Amino acid sequence: MGFFDFFKVPDINQGFEDYKATPDALLVDVRTPQEYREGHVPGSRNIPLQVIDNIKTVVTQTNTPLFVYCHSGARSSQATAMLGKMGYTNVKNIGGIASYKGKVDK
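Notes on the structure follow. (Residues numbered from 1 in each chain as written. Predicted model: local features only at pLDDT ≥ 70, side-chain atom pairs only at ≥ 80, totals over all residues. Heavy atoms only, no water.)

With that out of the way, let us pick up the packing of aromatic side chains. Across all of its chains, the model carries 3 aromatic pairs by this definition. With centroids separated by 6.0 Å and ring planes inclined at 70°, the aromatic side chains of tyrosine 19 and phenylalanine 67 adopt a geometry described as edge-to-face. Of the two residues, tyrosine 19 sits in helix 1 (residues 12–20) while phenylalanine 67 sits in strand 3 (residues 66–70), which places them 48 residues apart along the sequence. No difference in accessibility class separates tyrosine 19 from phenylalanine 67, as the two residues are buried. The rings of Phe16, Tyr19, Phe67 and Tyr100 are connected pair by pair, giving a single aromatic cluster. (Phe/Tyr/Trp six-rings, centres within 6.5 Å; stacked < 30°, edge-to-face > 60°. Helix = DSSP H or I, 4+ residues; strand = E, 2+ residues; numbered from the N terminus. Buried < 20%, exposed > 50% of the residue type's maximum accessible area, 1.4 Å probe, protein only.)

Enumeration according to the criterion identifies 5 salt bridges in this entry. Of the charged contacts in the structure, one is a salt bridge between lysine 20 and glutamate 17, with a shortest N-O distance of 3.3 Å. Here the residue lysine 20 and the residue glutamate 17 both occupy positions in helix 1, the gap between them amounting to 3 residues, near one helical turn. On the basis of relative accessible area, glutamate 17 is assigned to the partly exposed category, the value being 41%. (Salt bridge = Lys/Arg side-chain N within 4 Å of Asp/Glu carboxyl O.)

Right under this line is the structure:
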């Protein structure tokens, strides 16, 4: 890993394609409910960062593939770290919806 790898921003568009290609994966939007209602990636579940512990009621298997996004990638980065500490082993931060080029559901 080189020095500039620290500055790479996850590509939500590639992350969404990876999510679609992964069996039994869950796409998690960690923004607020208000932000989610304003527009979200199709198929995503809204589990805000503030209540990320609630994921235990939705995802009981800690090896379930989780693809996490927010607005810019900052909250999703925090969420992936928190999920890792909770024991989830297959978590990927795919960045922020601000860079998403696909269809958005409201």
